[in-house]
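Each chain, letter by letter, is given below.
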Amino acid sequence: MTEHRSFRISDFSIRDIPWAVAAYVILSLLSIGVGVFLESLREFWSGFLFGAGLVLMGALFLFGPRTRRIDVAALPQPSEKIRAKWDDPNCSLVEAVKAYREDTGCGLAEAKAVVDSYRASKQRPAKNDTTP
């Protein structure tokens, strides 16, 4: 167990600011800048730009990428102990994902992708298998 010590200002860095707060500040500054810009335009053009922005954001939301691709080959490979557990027919998907996450420290999506890939590779027949 680690020893507790008092807080020092030098312990704080920019990495400690949550991404949500940083995103909020950036979006607030952008909104203020856009608001000042729109105030300088005539009413028609400010409405037109606002509507065009809404349409663009809606199109990105509707037609933008849905999921990110996870490169399973770049993730840590499961240990022999974990693979032996996965090969057990009584091991559920939840148990397999949990075991991999505890072993490697990867996130939930990455762990599920690795487990799914491993199980899919076990179900595929060998290429030299000629059984009908």
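A short tour of the structure in this document, coming up. (Residues numbered from 1 in each chain as written. Predicted model: local features only at pLDDT ≥ 70, side-chain atom pairs only at ≥ 80, totals over all residues. Heavy atoms only, no water.)

Applying the stated criterion across every chain yields a total of two salt bridges. The partner of Glu 80 in a salt bridge is Arg 83, with the nearest N and O atoms 3.0 Å apart. Taken together, the residues Glu 80 and Arg 83, both in helix H3 (residues 80-87) and three residues apart, mark about one turn of the helix. A residue is classified by how much of its surface remains accessible, and Arg 83, at 27% relative accessible area, is partly exposed. Notably, a salt bridge pairs Asp 116 with Lys 112, separated by 2.7 Å at the nearest N-O pair. (Salt bridge = Lys/Arg side-chain N within 4 Å of Asp/Glu carboxyl O. Helix = DSSP H or I, 4+ residues; strand = E, 2+ residues; numbered from the N terminus. Buried < 20%, exposed > 50% of the residue type's maximum accessible area, 1.4 Å probe, protein only.)

Let us now look at a nonpolar patch on the surface. Judged by side-chain polarity, Ile 17, Val 21, Tyr 24, Val 25, Leu 29, Ile 32 and Val 36 come together as a nonpolar surface patch covering roughly 680 Å² of accessible area. Along the chain, Val 21 falls in helix H1 (residues 19-39). (Patch = residues over 30% accessible without salt bridge, like charges linked within 9 Å, V, L, I, M, F, W, Y side chains within 5 Å. Areas by Shrake-Rupley, 256 points an atom, 1.4 Å probe, with all protein chains shown as cover.)

At their nearest, the axes of H3 and helix H5 (residues 108-123) sit 11 Å apart, and the two run at 65 degrees to each other. You can see that H3 and H5 cross each other, and the crossing is right-handed. Mapping the contact onto sequence places Arg 83, Trp 86 and Asp 87 in H3 and Val 114, Val 115, Tyr 118, Arg 119 and Lys 122 in H5. A breakdown of the residues in the contact of H3 with H5 according to their chemical character gives four nonpolar, no polar and four charged. (Axes fitted to C-alpha atoms, helices over the stretch in contact; angles between N-to-C directions. Left-handed = near helix turned anticlockwise from the far one by under 90°. Contact = heavy atoms within 4.5 Å. Nonpolar A, V, L, I, M, F, W, Y, C, P; charged D, E, K, R; others polar.)

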